[in-house]
Amino acid sequence: MPTIYIETYGCQMNVSDSELMLGLLAREGYVRTDDPAAADVLLVNTCAVRDHAEQRVLGRMGELKHYKRPGGVLGVMGCMAQRLGPRLLERVPQVDLVVGPDGYRNLPELIARAASGERAADVAFKSWEHYEDVPPVRGRTSSAFVTVQRGCDYRCTFCIVPMTRGPERSRNLTDVVREVEGLTAQGTTEVTLLGQTVNSYHDGVHDFADLLRAVGAVPGLRRLRFTSPYPTDFTDRVLVAMADTRVVCEHVHLPVQSGSSRVLKRMLRRYDRERYLEVVAALRRAVSGVALTTDIIVGFPGETESDFAETLSLVEAVGFDDAYTFKYSVREGTPAVRIKDHVAEEVKAERLERLIAVVRRVARGKSVALVGTEQEVLVEGRARRGDLLQARTRTNKVALLEGPAAWIGTYRRVRLTGTSGTTFTAWPLEREPALMG
Ligand code: SAH
Ligand code: F3S
């Protein structure tokens, strides 16, 4: 049987898309391998959000090409494939196949043609494409990603995603519910709904509030998450649905990008600083104890020292539990390219450093306050180092604890005993009867 190796970069939606590709190819008899040297087909699922992400992939292609066998296939999938299209075929001669996020349905055929020497790029948008009939091959059992919305219709001036993922479209609620029912029947208890502006979900009849309630009612589901919501799409209906739906977890990733209203306007975000703070307050009223994380860009064109100071003060004002922080990266074809006053690289680097220091201090304060509290955790697997287990609270905090491998995939009551700043050590409050001394 032919073997397939997939390497995934970027966001959770790419992880989910790789699971789709594996599903498509499994139907054709492909078997997955984790060893590129053993693969007939090598695919790299890529991210185009920042130049750094693309450079990493290009570097990796230079290594992976050595694993390509005679008659084998090397393909670039995802957002970078969409952005560069046939240019990638010119740039890396060993690449046979370039396929964007809407073209995976044709993968088996494209791979067969590539194996016979035909190099091709498929970067057409298909606004109807949901891969509804493709059963993804997922890596984990207790937790699963479920894509509910593809593409993006927002036009943040820094962002390449609308150009790489095409127009926004939502799956039908009944299809999503059916998929989640199938997952829980196989032992999945935690689901993360994915979309670029996931809370703007609308299938023509149902909105995101309906979706949360419907998925939340699936028997066997214990945790429901979603990412990434857009701040101004938290309607009252959605807030009430979150509050009413017991399985919805107390964590929201709420990308802010900047704390300066002037910069937010130039980014074409649909809120200013005050509106964002109102959304935060509304979320805290609706979901008590909600943890908030965010994405922040420093050095957007025209960002002054006082704009940046507003970002620092916003981090303090909100009290984020954590933040992903980025230096603005110019993306060819996005509107921000035309904004003058690009911020010097050294200034971006220096602002990023100061931002990270504030984010860490604020996050640590939040974490220290949680030490000593009791939490329910889902044990996800072994910790990367040592022989501890890694678990996650409903608020999405990572906790390490001692326990038998049999706990993996189960829920445990723990007490948080210490913190490194963002992760915790935890002590199980109940032991398995067989383990009790
Ligand atoms: N749909 C998501 C964002 C997808 S991109 C949302 O609106 O939340 C993920 C993150 O990458 C963004 O939130 C932003 O912080 C960052 N990002 C996007 N484009 C960028 C760029 N040109 N330079 C630096 N960071 C960028
Ligand atoms: Fe990008 Fe803004 Fe959409 S950050 S993915 S254009 S909401």
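Here the structure is shown first, and the text comes after it.
Let me sum up the structure you'll find in this document.

1. Description of the sheet that holds strand β16 (residues 389-393)
- Strand order in the closed barrel formed by five strands is β15-β16-β17-β19-β18, with mixed pairing between adjacent strands. Each strand axis lies, on average, 50° off the axis of its neighbour in the sheet, ignoring direction.
- Across five bridges, strand β15 (residues 374-382) lies against strand β18 (residues 411-419) in antiparallel orientation. Paired with Gln-375 across the two strands is Val-414, which belongs to β18.
- In the packing of helix α13 (residues 345-370) onto the sheet, contacts are made with β15, β18 and β19 (424-428), and the angle to β18 comes to roughly 120°.

2. Remarks on helix α11 (residues 273-286)
- Along its 14 residues, α11 runs 20 Å from first to last C-alpha, staying within 8% of the 20 Å computed at 1.5 Å per residue.
- Buried residues of α11: Arg-273, Tyr-276, Val-279, Val-280, Ala-282 and Leu-283, and no others.
- Summarising the contacts, the buried residues of α11 are in contact with α9 (236-244), β12 (251-253), α10 (261-266), β13 (291-298) and α12 (305-318).

3. Some details on the site of ligand 2
- Every residue lining ligand 2 is accounted for by Cys-152, Tyr-154, Cys-156, Phe-158, Cys-159, Val-161, Pro-162, Gln-196, Thr-197 and Arg-269.
- Partitioning the shell around ligand 2 into residue classes produces seven nonpolar, two polar and one charged.

4. Details of the side chain of Thr-197
- Tracing the chain through its elements places Thr-197 in the loop between β10 (190-194) and α8 (208-216).
- For Thr-197, a relative accessible area of 3% puts it in the buried group.
- The contact partners of Thr-197, leaving out residues within four places of it in the chain, are Gln-149, Cys-152, Tyr-154, Glu-168, Ser-228 and Tyr-230.

5. Some details on the packing of aromatic side chains
- Under the criterion given, the structure shown has nine aromatic pairs.
- Judged by centre distance (6.3 Å) and plane angle (55°), the rings of Phe-226 and Phe-234 are tilted. Across the pair, Phe-234 and Phe-226 agree in class, each one buried.
- Both rings, one in Phe-300 and one in Tyr-328, keep their centres 5.4 Å apart while their planes meet at 75°; by these two values the pair is edge-to-face. Of the two residues, Phe-300 sits in the loop between β13 and α12 while Tyr-328 sits in the loop between β14 (322-327) and α13, which places them 28 residues apart along the sequence. As far as the burial class goes, Phe-300 and Tyr-328 line up, both buried.

6. Let's talk about the sheet that holds β12
- The strand order across the open sheet built from three strands is β12-β13-β14, with neighbouring strands paired in parallel fashion. Edge positions in the sheet fall to β12 and β14, since each has one partner strand and no second. When strand polarity is set aside, the average angle formed by the axes of neighbouring strands in this sheet is 10°.
- Of the strand pairs in this sheet, β12 and β13 are connected by three bridges, and their pairing is parallel. By the bridge assignment for β13, His-253 is matched with Thr-293.

7. Some words on the environment of Asn-106
- Relative to the helices and strands, Asn-106 resides in the loop between β5 (97-99) and α5 (107-115).
- Separated by 235 residues in sequence, Asn-106 and Asp-341 place their C-alpha atoms 43 Å apart.

8. Details of the layout of surface pockets
- Approximately 510 Å³ is the volume found for the second largest pocket.
- Contributing to the lining of the second largest pocket are 24 residues, with Val-134, Pro-135, Pro-136, Arg-138 and Glu-179 lying nearest its centre.
- At five residues, the largest contribution of residues to the lining of the second largest pocket is made by helix α7 (residues 173-185).
- Within the lining of the second largest pocket, the residues separate by chemical class into eight nonpolar, seven polar and nine charged.
- Lining the lining of the second largest pocket are residues from two domains, each supplying at least three of them: domain 1 (3-122) and domain 2 (143-368).

9. What to know about the environment of Cys-47
- In this structure, Cys-47 sits in the loop between β3 (41-46) and α2 (51-64).
- On the accessibility criterion, Cys-47 (12% relative accessible area) is buried.
- Considered as a pair, Cys-47 and Met-61 are 14 residues apart in the sequence and their alpha carbons are 14 Å apart.
- In this structure, Cys-47 is in contact with Tyr-9, Gly-10, Asn-14, Ala-53, Glu-54, Cys-79 and Met-80, ignoring residues within four places of it in sequence.

10. Quick word on the site of ligand 1
- Around ligand 1 lies a shell of 15 residues, among which Gln-196, Pro-255, Gln-257, Asp-295 and Ser-329 are the nearest.
- In this structure, Phe-158 approaches ligand 1 through a main-chain N or O atom, which is 3.0 Å from a nitrogen atom.
- A distance of 2.8 Å separates a nitrogen atom of ligand 1 from a polar atom in the backbone of Ser-329.
- For ligand 1, the accessible surface in isolation is 540 Å², of which the surrounding protein chains cover 91%.
- Elements that contribute at least two residues to the shell around ligand 1 include exactly β13 and β14.
- Taken together, the residues of the shell around ligand 1 break down into six nonpolar, four polar and five charged.

The rules behind these values
Residues numbered from 1 in each chain as written. Chains lettered and ligands numbered in written order. Predicted model: local features only at pLDDT ≥ 70, side-chain atom pairs only at ≥ 80, totals over all residues. Heavy atoms only, no water. Pairing = 2+ DSSP bridges. Helix = DSSP H or I, 4+ residues; strand = E, 2+ residues; numbered from the N terminus. Axes fitted to C-alpha atoms, helices over the stretch in contact; angles between N-to-C directions. Contact = heavy atoms within 4.5 Å. Expected span 1.5 Å × (residues − 1). Buried < 20%, exposed > 50% of the residue type's maximum accessible area, 1.4 Å probe, protein only. Near = heavy atom within 4 Å. Nonpolar A, V, L, I, M, F, W, Y, C, P; charged D, E, K, R; others polar. Phe/Tyr/Trp six-rings, centres within 6.5 Å; stacked < 30°, edge-to-face > 60°. 1 Å grid on protein atoms, 1.4 Å probe; cavity = no way out; pocket = protein on both sides within 12 Å on 5 of 7 lines; lining within 4 Å. Points joined across faces, edges and corners; volume = space filled by probe spheres on them. Domains from an automatic or database assignment. Polar contact = N/O pair within 3.5 Å; in protein donor to acceptor, adjacent residues only side chain to side chain. Areas by Shrake-Rupley, 256 points an atom, 1.4 Å probe, with all protein chains shown as cover.

Keep in mind these values describe shape, not function.
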